[in-house]
Amino acid sequence: MGCTVVSLVPFAIPNIHKPGLVPAYFSIPSAEKEIVLYPVADGARGQYLVDQDKWIELVVSAETIAKSLVFDYIMEQICIVPNEAEPAIFWVPGNFTDVAKFSKEFAGNIELAKKRQREWFLRLVQVADDDFKRTGQSRSVTDLQRYAARELGLTREWITNDPGMITRCKSCYSLVSTEAAVCFACHAILNRAKYDTFEFAGGPSKSPAAV
């Protein structure tokens, strides 16, 4: 029996890479218009047996993969508080494809996820307010924080009113600043020239190609 990753995150989560796993890449669509039910099946990984000088294939359960997809995505975000303020993404055992039926059966889970995501957005905005108050610079605010403010229907001085300063990422279609070098949502490189001027801890970046 497989599992289903459930996303209410209003932007796509593409190209999630799980090295050594088959399949190795997962892409969860945007839930901007409706809940996304993303099926996850058993996977596999290779293991080398030194004493027998051969590779064998080990099954990786759908549950293990689903847990990893959800946990890793949540933990890589800023301003989260586990089980309190975090992206609205979770997993359930079983294969589900009917959004209407799922929404009725798991209404409690969905409402809890929405509540936690709202709290996450509020924390993102609060941190943005603090940073802007300290620096007076709108560039101290991330596109993710601007997105959170818009989702909450809030107005802030650090949210640009100039449509010319906002564009859509060609990879995941999230709204991002035209000044951004990397998409906050999917991490695609939007401006290679600007990106190459940055220095990152740990050496050269191995991010995906520009879109």
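Reference entry: report on the structure contained in this document. (Residues numbered from 1 in each chain as written. Predicted model: local features only at pLDDT ≥ 70, side-chain atom pairs only at ≥ 80, totals over all residues. Heavy atoms only, no water.)

1. Describing the sheet that holds strand β8 (residues 89–93)
Okay, so step 1: With respect to topology, three strands assemble into an open sheet ordered β5-β1-β8, the strand pairing being antiparallel. Among the strands making up the open sheet, the edge pair consists of β5 (36–40) and β8. Direction aside, neighbouring strands of the sheet carry axes that sit 25° apart on average.
Okay, so step 2: Two elements, strand β1 (residues 3–7) and β8, share five bridges in a ladder whose sense is antiparallel. Bridged to Thr 4 within β8 is Val 92.
Okay, so step 3: The strands touched by helix α1 (residues 62–75) within the sheet are β1, β5 and β8, with β8 carrying the most contacts at an inclination of about 170°. (Pairing = 2+ DSSP bridges. Helix = DSSP H or I, 4+ residues; strand = E, 2+ residues; numbered from the N terminus. Axes fitted to C-alpha atoms, helices over the stretch in contact; angles between N-to-C directions. Contact = heavy atoms within 4.5 Å.)

2. As for the layout of surface pockets
Okay, so step 1: When its volume is computed, the largest pocket comes out at roughly 650 Å³.
Okay, so step 2: Lining the largest pocket are 27 residues, and of these Val 141, Thr 142, Asp 143, Leu 144 and Phe 184 sit closest to its centre.
Okay, so step 3: No other element matches the three residues that helix α4 (residues 143–151) contributes to the lining of the largest pocket.
Okay, so step 4: A class-by-class count of the residues in the lining of the largest pocket yields 15 nonpolar, six polar and six charged. (1 Å grid on protein atoms, 1.4 Å probe; cavity = no way out; pocket = protein on both sides within 12 Å on 5 of 7 lines; lining within 4 Å. Points joined across faces, edges and corners; volume = space filled by probe spheres on them. Nonpolar A, V, L, I, M, F, W, Y, C, P; charged D, E, K, R; others polar.)

3. Things to note about α1
Okay, so step 1: With 14 residues, α1 extends 20 Å from end C-alpha to end C-alpha; this agrees with the ideal 20 Å at 1.5 Å per step.
Okay, so step 2: Those residues of α1 not exposed but buried are Ala 62, Ile 65, Ala 66, Leu 69, Val 70, Tyr 73 and Ile 74. The buried side chains of α1 occupy one side of the element, clustering within an arc of 155° when seen end-on. (Expected span 1.5 Å × (residues − 1). Buried < 20%, exposed > 50% of the residue type's maximum accessible area, 1.4 Å probe, protein only. Arc of directions from axis to C-beta.)

4. Quick word on unusual backbone geometry
Okay, so step 1: Across the junction of Val 22 and Pro 23, the peptide omega takes the value 0°, indicating a cis bond.
Okay, so step 2: You can see Pro 23 is positioned in the loop between β3 (21–22) and β4 (25–28).
Okay, so step 3: In this structure, Asn 83 is a non-glycine residue whose phi angle is positive, near 65°.
Okay, so step 4: With respect to the element layout, Asn 83 can be found in the loop between α1 and β8.
Okay, so step 5: Look at Asn 83 and you get exposed, because its relative accessible area is 58%.

5. What to know about the pattern of salt bridges
Okay, so step 1: If you walk through the whole model with that rule in mind, you get nine salt bridges.
Okay, so step 2: In this structure, Glu 63 engages Lys 67 in a salt bridge whose closest nitrogen and oxygen atoms are separated by 3.1 Å. Of this pair, Glu 63 and Lys 67 both sit in helix α1, four residues apart, which is roughly one turn of the helix.
Okay, so step 3: In this structure Glu 63 comes out as partly exposed when scored by relative accessible area, which is 37%.
Okay, so step 4: Classification of Lys 67 by relative accessible area gives partly exposed; the value is 42%.
Okay, so step 5: With a closest N to O distance of 3.0 Å, Asp 131 and Arg 134 form a salt bridge. One end of the pair, Asp 131, and the other, Arg 134, are both in helix α3 (residues 107–135), three residues apart, so they sit about a helical turn from each other.
Okay, so step 6: Its relative accessible area of 18% is what places Asp 131 among the buried residues.
Okay, so step 7: Residue class for Arg 134 comes out exposed when judged on its relative accessible area of 61%. (Salt bridge = Lys/Arg side-chain N within 4 Å of Asp/Glu carboxyl O.)

6. What about the side chain of Ser 174?
Okay, so step 1: Tracing the sequence through the fold places Ser 174 in the loop between β9 (166–168) and β10 (175–177).
Okay, so step 2: Not counting residues up to four positions away in its chain, the partners in contact with Ser 174 are Phe 11, Thr 167, Arg 168, Cys 169, Phe 184 and Ala 185.

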